Amino acid sequence: MTIRDIFDRMDYGPAPESAAEALAWIAGHQGRFGHWIDGRFTAPGATFATRNPATGADLAQVTQGTAGDVDAAVAAAKRAQGRWARMPGHERARILYALARLVQKNVRLLAVLETLDSGKPVRESRDIDVPLVARHFYYHAGLAQLFEQEFPGLAPVGVGGAVIPWNFPLLMLAWKVAPALAAGCTLVLKPAEWTPLTALLFAELSRQAGLPRGVLNVVTGDGATGAAVVAHPDVAKVAFTGSTEVGRAIRAATAGTGKALTLELGGKSPFVVFDDADLDSAVEGLVDAIWFNQGQVCCAGSRLLVQEGVADRVHAKVRARMDGLRLGDPLDKCIDMGAMADPVQRDRVAALVAGEPGGDRHVAACPLPAQGCYYPPTLIAGLSPASPLMQDEIFGPVLVSTTFRTPAEAVELANNTRYGLAASVWTENLNLALDVAPRLRAGVVWVNGTNMFDAAAGFGGMRESGFGREGGREGLLAWLRPDRPAGKPPKPAPTPAAPAEPLVEGIDRTAKLYIGGRQVRPDGGYCRPVWSPRGALLGHVPLGNRKDIRNAVEAAVAAQRGWARQTAHGRAQVLYYLAENLAARGDDLARGLAAMTGRDGTAEVQAAVRRLFTWAAWADKLEGATKPVPMRGIALAIPEPVGVIGAIAPDEAPLLGAVSILGPALAFGNACVIVPSQATPLVAAELYPLLDTSDVPGGTVNFVTGEAAELARALAGHMEVDALWCFGAAPLSGMIEAGSVTNLKRTWVNHGRARDWWGPDGEGPEFRRAATEIKTIWIPWGE
Amino acid sequence: MQTQPPPPDLAHPSVGTDLVPQTHSRPGRNPGMPLDLDWVAAVQANTSAIERRCASLPGRRSVKKDWQAAWLCKAVSLIDLTTLSGDDTPGRVRRLCAKARQPVRPDLLQALGMQGLTVGAVCVYHEMIEPALRALEGAGIPVAAVSTGFPAGLSPWATRIAEIRASVAAGAAEIDIVISRRHVLTGNWQALYDEMAEMRAACGAAHVKAILATGELGSLRNVARASLVCMMAGADFIKTSTGKEAVNATLPVSLTMVRAIRAYQDRTGFRVGYKPAGGISKAKDALVYLSLMKDELGHPWLQPDLFRFGASSLLGDIERQLEHHVTGQYSAANRHPMG
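Keep in mind it's a predicted model, so treat the numbers as computed, not measured.

Rules of the game
Residues numbered from 1 in each chain as written. Chains lettered and ligands numbered in written order. Predicted model: local features only at pLDDT ≥ 70, side-chain atom pairs only at ≥ 80, totals over all residues. Heavy atoms only, no water. Helix = DSSP H or I, 4+ residues; strand = E, 2+ residues; numbered from the N terminus. Rg over C-alpha atoms; globule rule 2.2 N^0.38 Å. Buried < 20%, exposed > 50% of the residue type's maximum accessible area, 1.4 Å probe, protein only. Contact = heavy atoms within 4.5 Å. Areas by Shrake-Rupley, 256 points an atom, 1.4 Å probe, with all protein chains shown as cover. Salt bridge = Lys/Arg side-chain N within 4 Å of Asp/Glu carboxyl O. Core = buried A, V, L, I, M, F, W, Y, C linked by side-chain atoms within 4.5 Å. Buried area = accessible area lost by both parts, 1.4 Å probe. Polar contact = N/O pair within 3.5 Å; in protein donor to acceptor, adjacent residues only side chain to side chain. Nonpolar A, V, L, I, M, F, W, Y, C, P; charged D, E, K, R; others polar. pLDDT = per-residue confidence, 0-100. Axes fitted to C-alpha atoms, helices over the stretch in contact; angles between N-to-C directions. Parallel < 35°, antiparallel > 145°, perpendicular 65-115°, else oblique. Left-handed = near helix turned anticlockwise from the far one by under 90°. Expected span 1.5 Å × (residues − 1). Arc of directions from axis to C-beta. Pairing = 2+ DSSP bridges.

A.B. asks: Go over the overall build of chain A with me, naming the residues and quoting the values.
C.D. replies: The secondary structure content of chain A amounts to 27 helices and 32 strands. Taking 783 residues into account, the globule formula puts the C-alpha radius of gyration at 28 Å, and chain A, at 28 Å, falls close to it. Principal axes of the C-alpha set define a box for chain A whose edges measure 105 × 65 × 45 Å. Burial status across chain A gives 62% buried among its 783 residues. Summarising the internal contacts of chain A: among those between residues at least 6 apart in sequence, 76% fall at separations of at least 24. Counting only carbon and sulfur atoms, one obtains 54% of the accessible surface of chain A, whose full area is about 27,400 Å².

Now the structure itself:
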C-alpha cells in the first residue's frame with residue numbers, strides 16, 4: 001500500500017509494541033519457572049503452560065504448586081514475619097518506596113509482559129494498570145511511614161494468603177502486597193493460573209528493593225494450589241479477589257478457623273443515565289465501563305439503566321460508538337480492545353449470550369482478528385430485570401440495558417441485584433446525583449464517571465460482591481488486629497436448674513419476644529421456666545424458632561430504611577433518651593439482675609447507661625473522610641449502615657452486652673435482631689418497655705429468646721441479614737461463618753473468646769467498623 | 001472553498017469508524033434551520049468527562065511509519081496557512097502563498113509519492129486578498145479572509161457586514177467571521193442566531209466559517225450552545241478561535257464542537273465543517289486531531305471541505321517529521337524553505 005493509498009483511505013495501520021524484552025526475560029529463565037519462595041526461585045516442578053491468549057502460543061512453563069510448596073512458602077513467610085513487623089515503619093516505608101520506583105522504572109517491561117500473558121491492550125497495562133500499581137506502593141509506603149503514629153494499638157495479623165484473579169494480575173498483586181507489607185504482614189501470593197508471569201517478575205524485582213527474604217512469596221498453580229494457601233493453618237488472613245462462587249468456597253473453607261478474611265468478588269454494576277446527562281459523555285463512559293479490559297472487570301458498568309425518554313437516542317449513540325471500537329492485537333497501540341484472557345472465558349461469555357434469545361441485540365461492526373481469543377462488543381437492549389443476563393455477571397464485553405421512568409425507579413432497578421460492588425450515575429443535576437448516590441447499594445459510586453481508582457480511596461463491595469475494603473486507611477485495617485492478648489474462653493454462666501421445691505411468689509410474669517415494637521408470643525408455642533440461683537421462679541422465657549427469626553428480620557428490614565434516614569442528631573437523641581430511661585429504672589433493673597445472676601447488678605446498670613451515652617455521642621461523629629484522589633474533584637468515604645445486624649449476645653454481661661450491641665447498631669442507622677444471653681434471657685424483657693418509651697422505632701431493635709444455636713443458624717442463613725455478630729459462650733463461630741455463605745453477610749464472631757465488656761474493648765472502634773461500611777463516592781467537577 | 005462533490009468515502013469505508021449513519025447525510029451546504037431554543041437549552045457538556053475522553057485519545061490512537069507519513073501529508077492538505085499580522089505586506093503574503101503551493105520540499109514529496117500536495121487554503125486579512133489571489137492563480141487553493149471586525153468583532157454592525165461583502169467582492173472564497181461573544185455570555189441566542197444568519201447571507205456563495213472564540217466563552221456548555229446556534233443559522237464551518245485569545249484550540253473544546261456537529265447532522269442531515277485554530281503547532285498534535293475527527297465524525301471530516309487546521313507554525317514541524325520518515329534521520333528547521 002502506497003502512502004498515497006493511505007492518504008486516500010486514512011486507515012490507522014499497525015502500531016505494534018515490541019515484545020522482545022519481555023520474551024527475553026522469559027528466555028533468561030529458560031522459559032520455565034519455579035515458585036518464588038524465601039527470596040529465590042525454586043527449581044521448576046511439574047509445570048503447565050501459560051499462554052498468550054491473543055495468539056494461543058505458549059509463553060512459558062510455570063510450576064503447579066503442591067501442598068509441599070505451599071508449606072515451604074508459608075514457612076518462609078512465617079520466619080520472616082516477626083522481624084518484618086518489628087522493623088520501624090520507616091524501614092518498611094523505605095522498601096515500599098523502592099518497590100514503587102522499581103515499578104516505574106520497569107513500566108514497559110511489566111506492561112508488555114502483562115499484555116502478553118493476559119491479552120489486555122498494552123495501552124491499558126501501560127497507561128492504567130502499571131501506573132496504578134506504582135501509585136499503590138507509593139501510597140502504602142506512606143502508610144508504613146506513618147504506621148506507629150496513625151495506627152496505635154493495632155498489630156499485623158501475621159502471615160497473609162492472597163489469591164488473585166487474571167483480569168488485573170499485577171494490579172491485584174499490588175492491592176494485596178502493598179497493604180500487607182505496610183502493615184507488617186508477610187505474604188504468600190497465588191497468582192491466577194492463566195496469568196502468573198508478572199507476579200514472578202515482580203517478585204524477582206523485589207530483591208532490588210531490598211525486600212527481605214520470605215516477606216513476599218509467590219506460589220503458582222491452579223485452584224488446588226489456591227485452596228492449599230487458604231487452608232494452611234499458619235495463614236492468619238486470607239485476601240481473595242475473584243468470582244463470587246470461589247469466594248463462597250473460601251468463606252466456607254475458612255469458617256471457624258479464626259482466619260481474617262476479605263473478599264472482593266463479582267458484580268453487575270448499574271450504569272444509570274438520567275435524561276439531563278451529557279449523553280455523549282455518558283456513552284464514552286460506557287466505553288470505559290464495559291469495554292475496558294474486554295469487560296473482564298469486576299466493577300464493570302455492565303447494566304445500563306437509561307431514562308425512558310432518552311433511551312432510543314442513547315442506544316443509537318452506543319451502537320455508533322461500539323462500531324468505532326478497534327479490536328486487535330493487544331500489543332498494538334492503536335486498539336481499544338484486546339483478547340479475552342482465555343478461550344474458556346470467551347466460550348463462557350458466548351454461551352451466556354446465546355442463552356438469551358430476547359432483547360435488541362447489536363454486535364459491533366468492528367472486524368475481529370482471524371485468530372486468537374476475541375469476543376465482539378455487544379449491546380443487548382430492551383431486557384427486563386427478569387432476564388438472567390440482567391442478573392448474572394457476564395464478565396465480558398457485553399452490555400445489557402433497560403429503561404426507567406423516575407429516579408426512585410432507577411434506584412430500585414439499580415439495587416435489584418445480589419451484588420453491590422460499584423455504580424455510575426450520570427446527570428448534570430447535582431441535587432439528583434447527590435440524592436441517588438447514597439441510595440445505591442454499592443461500595444463505590446462514580447458520579448459522571450466510571451472505573452476510577454486510586455490507592456487513597458477504598459474499593460470493595462456490599463452484599464454478594466464481598467466484604468472488606470482495599471485502598472485507603474480502611475484497606476490497611478484489613479491487615480491489622482487489635483494489639484491485645486486474645487480473650488479467655490468465656491465462662492458459661494450457670495443456668496440454674498429447676499429446684500426440687502420451686503419458690504413461686506408474686507404475680508406471674510410472662511415474657512414474650514419483642515418483634516417490630518410489639519411483644520409477641522413465639523411461633524412454636526413453647527417456653528421454658530427461668531430459675532434464680534436460689535430456686536425462685538423468675539418467669540418463663542419463650543423459645544423462639546426460625547419463623548420468629550424470619551418475622552424479626554422482616555420487621556428489622558422494614559424499620560431500617562426509615563431509621564437510617566433519621567438525622568444523626570435524631571438517632572443520638574433516641575439513644576440518650578434510652579439511657580435516661582434506663583437510669584431512671586436503674587434500681588429495678590439492678591434488682592432484677594441480682595435475682596437472675598445472684599450478683600449485685602448496680603454496676604452493670606451504670607455501665608450500660610454509660611455505654612448508651614458513648615453510642616449516642618458517636619451517632620453524629622462518625623465523619624467519614626474526603627480522599628485526595630488525583631483528579632479535579634473529590635472522593636468521599638462515607639460510612640453507611642450495614643443494614644440489618646443479627647447478634648448473639650454474651651452471657652458474661654447480659655444487660656451491658658445487649659446494650660453494647662444495640663448501641664452501635666442504632667447509632668449508625670442499622671436495625672438489629674438480638675438473641676439475648678442464654679443464661680439470663682429475661683433481662684431482655686426488662687428492656688422492651690424501655691425501648692417503647694424511648695422513641696426507639698418499632699422494628700429497629702428486636703429480641704428473640706431461645707436456643708442460641710438454632711437461632712444463630714437461622715440468622716446465619718437468612719439472606720436479608722447483612723451482618724451477624726456472635727459473642728455467645730456456645731461454640732457457634734464456625735457454624736455462623738459457614739452459614740453466612742448464602743448472601744456473604746459480614747460476620748464478626750468471637751471464636752470462643754470472651755470480651756471485656758466493661759472496658760474500652762466493649763465499645764472500641766471495632767464496633768464502629770462492624771456497624772458500618774465505607775462507601776466511596778467519586779465526584780469529579782469542573783465547568 | 002474547493003468545490004467538490006460529497007467525498008466518495010463510501011467507496012472505501014474506513015474500518016468501523018464512521019460514527020454517523022451515512023443514510024442521514026444530505027449533500028450540499030448547510031442551509032440552516034429555524035432557531036430551536038429548546039434544543040439549545042437542553043445541551044449539556046460535562047467538562048470532566050470530556051477532558052477524560054481527550055486525555056485517553058492520544059493513547060488509544062497512534063499511527064506509525066507509512067501511516068504516519070500519509071496522515072501528516074493529510075494534515076498538510078488540511079492546513080489553512082495563515083498570516084494575520086498588522087505588519088503583513090504583499091511581499092510577505094506572496095511568500096506564504098508560494099509555501100502554500102509547495103508546502104513540502106519537492107524531493108521529499110517525490111520520495112513519499114505525494115507530488116502535487118498543497119495546503120487547504122491561505123487565510124489573510126481583507127487587504128491581503130488581492131495579492132494572495134494573484135500569487136495563487138492556477139493553484140486551485142482558495143483564499144480565506146477573516147472578517148467582521150476580526151478579532152474582537154465589535155466594529156459597527158454595518159461595517160462588519162460591509163466588510164464581508166467587500167471581501168467576497170475581492171475574491172475571497174471563504175470568510176472567517178467572528179461572533180459577538182457577548183451574545184453567548186448573556187445567553188442571547190436569538191441575537192447570535194440573527195447575527196450569524198445575516199453574515200451568512202452576506203457571504204453569498206462564499207463559504208462562511210464561524211469563529212466562536214471559545215477561549216472567551218467561559219464554559220464548554222456555552223461552546224456547545226454557540227456551536228449549535230451558529231449551525232442553525234447556516235454556518236458552513238465552526239471554528240474555535242481567532243488565534244488571538246489567551247486560550248485557543250484545545251482538545252476538550254474540539255470534542256465539544258465536533259459532538260455538536262454530529263448532533264446537528266443527526267437532526268438535519270447536513271454536514272458542517274470544523275476548524276480548530278491556534279495552538280496546534282506539533283505534528284503529533286495534528287495526528288491526534290485527525291484521529292478525533294475520524295473517530296467522532298468519520299472519514300468525510302478528513303477532507304478539506306469539512307476540516308481545516310488554522311495554523312502557521314504546524315507545517316514546519318510536519319516537514320521535519322516527513323524528512324525523518326524519508327531519511328531515517330532527525331531533521332532541522334533550516335533544511336525546509338520558509339513561508
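Structure shown, so let's carry the discussion forward.
A.B. asks: Let's hear about the pattern of salt bridges: which residues, and what values?
C.D. replies: Throughout the structure, instances matching the rule amount to 66 salt bridges over all chains. Residue Glu 17 of chain A pairs with Arg 108 of chain A through a salt bridge whose shortest N-O separation is 2.8 Å. With a gap of 91 residues between them, Glu 17 of chain A in the loop between helix 1 (3-9) and helix 2 (20-28) and Arg 108 of chain A in helix 5 (residues 107-118) connect regions that are remote in the sequence. Measuring nitrogen to oxygen at the nearest pair gives 3.2 Å for the salt bridge that ties Asp 288 of chain A to Arg 60 of chain B. Here Arg 60 of chain B lies in helix 2 (residues 47-60) and Asp 288 of chain A lies in helix 12 (residues 279-290), a pairing that spans two chains. Asp 288 of chain A sits in the partly exposed class, given a relative accessible area of 27%. A relative accessible area of 4% places Arg 60 of chain B in the buried class. Several salt bridges share partner residues, and in doing so they unite Asp 280, Glu 284, Lys 317 and Arg 321 of chain A together with Arg 53, Arg 262 and Glu 296 of chain B into one network.

A.B. asks: Tell me about the nonpolar core, and please be specific about residues and values.
C.D. replies: In this structure, Phe 137 and Trp 291 of chain A are the most contacted members of the largest nonpolar core, which totals 129 residues. Sort the elements by how many residues they give to this core and helix 8 (residues 169-183) of chain A lands first, with twelve residues. Once residues lying within four places of it in the same chain are set aside, the contact partners of Phe 137 of chain A are Leu 96, Leu 99, Ala 100, Ala 174, Val 177, Ala 178 and Phe 202 of chain A. Within the second largest apolar cluster, 112 residues are counted, among which are Ile 177, Met 199, Ala 224 and Val 253 of chain B.

A.B. asks: Can you lay out the interface of chain B and chain A for me, pointing to particular residues and giving the numbers?
C.D. replies: Counting residues at the interface gives 48 residues for chain B and 45 residues for chain A. Among the residues chain B hides against chain A, the three largest losses belong to Arg 60, Arg 61 and Trp 67 of chain B. Together they make up 17% of the total. At the surface where chain B touches chain A, the tally comes to eight salt bridges. With its nearest N and O atoms 2.7 Å apart, the salt bridge here joins Arg 60 of chain B to Asp 336 of chain A. Inspection of the chain B/chain A interface yields 23 residue pairs in polar contact (both at pLDDT 80 or more). Going through the elements one at a time, helix 2, helix 3 (65-77), helix 10 (220-232), helix 11 (251-268) and helix 12 (283-296) of chain B are the ones with two or more residues in the side of chain B that touches chain A. Here the side of chain B that touches chain A is composed, by residue class, of 17 nonpolar, 17 polar and 14 charged.

A.B. asks: Mind laying out the confidence of the model for chain A, listing which residues take part and the relevant values?
C.D. replies: Of all residues in chain A, 100% have pLDDT values of 70 or greater, and the mean over the chain is 96. Within chain A, no element has a lower average pLDDT than strand 23 (residues 527-531) of chain A, which sits at 92, and none a higher one than strand 9 (residues 216-218) of chain A, at 99.

A.B. asks: Account for the packing of helix 12 of chain A against helix 2 of chain B, with residues named and values stated.
C.D. replies: Between helix 12 of chain A and helix 2 of chain B, whose axes approach to 10 Å, the crossing angle comes to 50°. Comparing their axes, helix 2 of chain B and helix 12 of chain A come out oblique. Remark: the crossing between helix 12 of chain A and helix 2 of chain B carries left-handed chirality. Between helix 12 of chain A and helix 2 of chain B, the contacting residues are Ser 281, Glu 284, Val 287 and Asp 288 of chain A on the first element and Ala 49, Ile 50, Arg 53 and Arg 60 of chain B on the second. By residue class, the composition of the contact of helix 12 of chain A with helix 2 of chain B is three nonpolar, one polar and four charged.

A.B. asks: I'd like a description of helix 14 (residues 343-354) of chain A, backed by residues and values.
C.D. replies: Residue and element names in this part refer to chain A. Relative to the 16 Å expected for twelve residues at 1.5 Å per residue, helix 14 spans 16 Å between its end C-alpha atoms, a close match to the ideal helical length. Within helix 14 the residues assigned to the buried category are Gln 345, Val 349 and Val 353. Around the axis of helix 14, the buried residues are gathered within 70° of arc, so they sit on the same side. Opposite the buried face of helix 14, by more than 90 degrees, sit the exposed residues Val 344, Ala 351 and Ala 354. On its buried face, helix 14 is in contact with strand 14 (360-363), strand 15 (378-381), helix 15 (388-391) and strand 16 (398-404). Sitting at the head of helix 14, Asp 342 places a side-chain oxygen 2.9 Å from the backbone nitrogen of Val 344.

A.B. asks: Describe the sheet that holds strand 3 (residues 143-146) of chain B, with residues and values.
C.D. replies: Residue and element names in this part refer to chain B. As summarised here, the arrangement of the eight strands in space is 7-6-5-4-3-2-1-8, forming an open sheet in which the pairing is parallel. Looking at which strands have only one partner, the edges of the open sheet turn out to be strand 7 (273-275) and strand 8 (309-311). Averaged over neighbouring strand pairs, the angle between their axes works out to 25° when direction is ignored. Summarising the sheet, strand 1 (residues 79-82) and strand 2 (residues 121-124) pair through three bridges and their orientation is parallel. When the sheet's bridge partners are listed, Thr 82 is paired in strand 2 with Cys 123. Sheet contacts for helix 7 (residues 157-169): strand 3 and strand 4 (174-178); angle to strand 4, the most-contacted strand, approximately 165°.

A.B. asks: Can you explain the sheet that holds strand 12 (residues 269-273) of chain A? Please cite residues and give values.
C.D. replies: Residues and elements named next belong to chain A. Ordered by their spatial adjacency, ten strands build an open sheet running 14-15-16-13-12-17-18-32-26-25, and the pairing between neighbours is mixed. Lying at the two open borders of the sheet, with one neighbouring strand each, are strand 14 and strand 25 (625-627). Mean inter-strand twist for the sheet, computed between neighbouring axes without regard to direction, equals 20°. Where strand 12 and strand 13 (residues 301-307) come together, five bridges link them in parallel fashion. Bridge pairing in strand 13 links Ser 269 to Gly 301. Along the sheet, helix 12 makes contact with strand 12, strand 13, strand 16 and strand 17 (422-426), crossing strand 12 at roughly 170°.

A.B. asks: Please set out unusual backbone geometry residue by residue, giving values where relevant.
C.D. replies: Omega for the bond connecting Phe 150 of chain B with Pro 151 of chain B falls within 30 degrees of zero, at 0°, which places this linkage in the cis form. The phi dihedral of Leu 744 of chain A falls on the positive side, at around 50°, and the residue is not glycine. Within the secondary structure layout, Leu 744 of chain A lies in the loop between helix 26 (733-739) and strand 31 (746-749).

A.B. asks: Please set out the packing of helix 9 (residues 189-203) of chain B against helix 10 of chain B residue by residue, giving values where relevant.
C.D. replies: Residue and element names in this part refer to chain B. Packing of helix 9 against helix 10 brings their axes to within 8 Å, and their N-to-C directions diverge by 45°. Classified by the interaxial angle, the pair formed by helix 9 and helix 10 is oblique. By crossing handedness, the relation of helix 9 to helix 10 is classed as right-handed. Between helix 9, through Trp 189, Leu 192, Tyr 193 and Met 196, and helix 10, the contact on the second element is made entirely by Asn 222, Arg 225, Ala 226, Val 229, Cys 230 and Met 232. Classifying every residue of the contact of helix 9 with helix 10 gives eight nonpolar, one polar and one charged.

A.B. asks: Go over the pairing of strand 32 (residues 772-780) of chain A with me, naming the residues and quoting the values.
C.D. replies: Residues and elements named next belong to chain A. The buried fraction of strand 32 amounts to nine of the nine residues, a majority that puts the element mostly inside the structure. Burial along strand 32 is two-sided: the face carrying Thr 772, Ile 774, Thr 776, Trp 778 and Pro 780 and the face carrying Glu 773, Lys 775, Ile 777 and Ile 779 are both buried. Of the strand pairs in this sheet, strand 18 (residues 444-447) and strand 32 are connected by three bridges, and their pairing is parallel. What sits directly across from Val 444, in strand 32, is Thr 776. Bridge count for strand 26 (residues 633-641) against strand 32 is nine bridges, and the pairing is antiparallel. The residue bridging Pro 639 from the neighbouring strand is Ile 774, located in strand 32.

A.B. asks: With reference to specific residues and values, describe helix 2 of chain A.
C.D. replies: All names here are of chain A. Among all positions of helix 2, only Ala 22, Trp 25 and Ile 26 are buried. For helix 2, the angular spread of the buried residues around the axis is 100°, confining them to a single face. Residues of helix 2 that are buried sit in contact with strand 1 (32-33), strand 5 (58-63), helix 5 and helix 9 (197-206).

A.B. asks: Could you give me a rundown of the environment of Val 704 of chain A, with the residues and numbers involved?
C.D. replies: Residues and elements named next belong to chain A. Tracing the backbone through its elements, the reader meets Val 704 in the loop between strand 29 (701-703) and helix 25 (708-717). By relative accessible area, Val 704 is classed as buried at 0%. Between the C-alpha atom of Val 704 and that of Pro 542, which follows or precedes it by 162 residues, the distance is 8.4 Å. Dropping the residues within four chain positions of it, Val 704 is found in contact with Leu 513, Ile 515, Gly 544, Asp 548, Ile 549, Ala 552, Val 673, Ile 674, Val 675, Pro 676 and Leu 711.

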